[in-house]
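If you want the building blocks of each chain, they are given just below.
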Amino acid sequence: MYGGGNTFEPMKATGVENEDPVKLAEFEARIERGEKIEPHDWMPQLYRKQLIRMIEQHAHSEIIGALPEGTWITRAPGFKRKLALMAKVQDEVGHAQLLYSAAETLGKPREQMLDDLVSGKSKYSNIFNYPAFTWADSCFISWLVDAGAIVNQLANARGSYGPYCRALDRICAEESFHLKYGHHCVIHLATGTEKQREMMQAAINRWWGPMMHFFGPPDKASVHSEILMRWKVKMSSNDDQRNQFLDMYVPKIWELGFTIPDPNLKKNTETGKWEYTEPDWEEFKRVINGDGPCNAERLAVRRTAEERGRWVRKALLAPKTEYVTPLA
Ligand code: BYC
């Protein structure tokens, strides 16, 4: 799919050639007018396929994203932090619930989505395949990964598919609490002891590359952006989202006295765009294709959860009578 080295060969999505041209034109006109497309409305097969892919990956990212932070609940410093982190992790799993429901409206059953996750067929966000070694890593996720997610989700909440947009609206409301919580945790470390500051700086150094990857490959290499933006599923490009994130959060990181591990990072005041060293896109490809530091571990945890929860799902779906002991 991608070219060699740090370069990419763009591959554009095609596949509307077999659609009824009249229906397709009406569909595109509705999108152009800013109308929402709802589950029972006519839509091109490619729109359905792309939405399932993107919403499903997003849902998987929420439940897998709960894992690196989840392991810090018992070790979070103090009762208040434990409570807050527990609530946050619970929220993330709730986000997955909303997103799986939105994807189901397009016809793919939830069990199949979960099977595709644990079998490694479906992707999920690159960033959750890295280990959260220290408390500061968990703080980085809560503040900056959530910040990146908000940049992406606020934009896409204005998109064209009703169920996805409504799910994103609810998710963004909760994410804004996560962001405040994460920022508070980072400020605490920034204004703490030398050791705490060092711990936070080390976390920023470790997570910066994956954070830059988080917004996806450069626009010129993005496979799906063109069609997703034409159909208003994706409301801004990967590079624009990355730029918006840098615009909003680099000054805040600097304000706290931390450095960013990129000597070339600076805002070009003429173009309004940030300039930076390209992150290692070969590493990105390896990680999203299953070969990151924690991919195997993350999927193994999910597999165990699926196996252990099977009896619950079976009991919920079983006809009631099976579980009623008849009166003698
Ligand atoms: N990670 O054509 P492109 C959270 C893949 S959870 C992995 O640009 P697209 C949180 C892409 O799938 C929030 N894979 O793709 C949770 C495609 O591969 P396939 C997570 C990536 O779709 C718990 C290929 O690269 N957010 O924050 O136009 C605790 C080519 O890319 C990534 C979402 O899921 C990546 N980062 O744009 C704390 C947002 N980037 O499918 C926090 C929803 C690209 O052809 N998703 N790929 O095999 C999106 O907005 C878009 O899908 C993306 C990528 C911007 C991510």
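Reference entry: report on the structure contained in this document.

Quick notes on the rules
- Residues numbered from 1 in each chain as written.
- Predicted model: local features only at pLDDT ≥ 70, side-chain atom pairs only at ≥ 80, totals over all residues.
- Heavy atoms only, no water.
- Axes fitted to C-alpha atoms, helices over the stretch in contact; angles between N-to-C directions.
- Helix = DSSP H or I, 4+ residues; strand = E, 2+ residues; numbered from the N terminus.
- Left-handed = near helix turned anticlockwise from the far one by under 90°.
- Contact = heavy atoms within 4.5 Å.
- Nonpolar A, V, L, I, M, F, W, Y, C, P; charged D, E, K, R; others polar.
- Expected span 1.5 Å × (residues − 1).
- Buried < 20%, exposed > 50% of the residue type's maximum accessible area, 1.4 Å probe, protein only.
- Arc of directions from axis to C-beta.
- Polar contact = N/O pair within 3.5 Å; in protein donor to acceptor, adjacent residues only side chain to side chain.
- Bend = angle between axes of the 7 residues up to and from the residue.
- Near = heavy atom within 4 Å.
- Areas by Shrake-Rupley, 256 points an atom, 1.4 Å probe, with all protein chains shown as cover.
- Salt bridge = Lys/Arg side-chain N within 4 Å of Asp/Glu carboxyl O.
- Phe/Tyr/Trp six-rings, centres within 6.5 Å; stacked < 30°, edge-to-face > 60°.

## Comments concerning the packing of helix H3 (residues 79–104) against helix H4 (residues 110–118)
For the pair H3 and H4, interaxial distance at closest approach is 9 Å and the crossing angle is 115°. Judged by the sense of rotation from one axis to the other, the crossing of H3 with H4 is right-handed. Listed contacts from H4 to Gln-97, Tyr-100, Ser-101, Ala-103 and Glu-104 of H3 are Arg-110, Met-113, Leu-114 and Leu-117. Partitioned by chemical class, the residues of the contact of H3 with H4 number five nonpolar, two polar and two charged.

## Examining helix H1 (residues 21–32)
If you check H1, its first and last C-alpha atoms are 16 Å apart, about what 12 residues at 1.5 Å a residue would give, namely 16 Å. If you check which residues of H1 are buried, you get Leu-24, Phe-27, Arg-30 and Ile-31. One side of H1 carries all its buried residues, which in axial view fall inside an arc of 125°. Exposed positions of H1 whose direction lies more than 90 degrees from the buried face are Pro-21, Val-22 and Glu-32. With a side-chain oxygen lying 2.9 Å from the backbone nitrogen of Val-22, the N-terminal cap of H1 falls on Asp-20. Trailing H1 by a residue or two, Gly-34 shows a phi angle of about 85°, which is positive.

## Observations concerning helix H9 (residues 238–255)
Helix length check: H9 (18 residues) gives 26 Å between terminal C-alpha atoms against 26 Å at 1.5 Å per residue, within 8%. Where H9 bends most, at Tyr-249, the angle is about 30°, and the proline Pro-251 comes one to four residues later. Among the residues of H9, Asn-238, Gln-241, Arg-242, Asn-243, Phe-245, Leu-246, Tyr-249, Val-250 and Ile-253 are the ones counted as buried. In the segment just after H9, Gly-257 is the residue with positive phi, at about 85°.

## Looking at the site of the ligand
Neighbouring residues of the ligand: 38 residues in total, closest Lys-123, Asn-152, Ser-222, His-224 and Lys-234. In the model, an oxygen atom of the ligand is placed 2.7 Å from a nitrogen or oxygen of the Asn-152 side chain. Computed on the free molecule, the ligand has an accessible area of 1000 Å², of which 94% lies beneath the protein chains in the complex. When residues of the shell around the ligand are traced back to their parent elements, those giving at least two are helix H2 (45–70), H3, helix H5 (135–156), helix H8 (225–230) and helix H10 (281–288). Per-element accounting of the shell around the ligand gives the leading share, eight residues, to H2. Here the residues of the shell around the ligand are counted per class, giving 15 nonpolar, 15 polar and eight charged.

## Details of the pattern of salt bridges
Proximity of charged atoms lets side chains of opposite charge pair with each other. Counting across every chain of the model gives 22 salt bridges. Measuring nitrogen to oxygen at the nearest pair gives 3.1 Å for the salt bridge that ties Lys-108 to Glu-56. Taken as a pair, Lys-108 in the loop between H3 and H4 and Glu-56 in helix H2 lie far apart in primary sequence, 52 residues in all. Residue classification places Glu-56 among the buried positions, given a relative accessible area of 4%. With a closest N to O distance of 3.7 Å, Arg-298 and Glu-297 form a salt bridge. A single network of salt bridges, built from pairs that share partners, joins Glu-26, Arg-30, Arg-33, Glu-35 and Asp-41.

## Concerning the packing of aromatic side chains
All told, the structure shown has 15 aromatic pairs when counted by the stated rule. With a centroid separation of 6.3 Å and an interplanar angle of 80°, the aromatic rings of Tyr-47 and Tyr-161 are classed as edge-to-face. Of the two residues, Tyr-47 sits in helix H2 while Tyr-161 sits in the loop between H5 and helix H6 (162–190), which places them 114 residues apart along the sequence. With respect to burial, Tyr-47 and Tyr-161 carry one shared label: buried.

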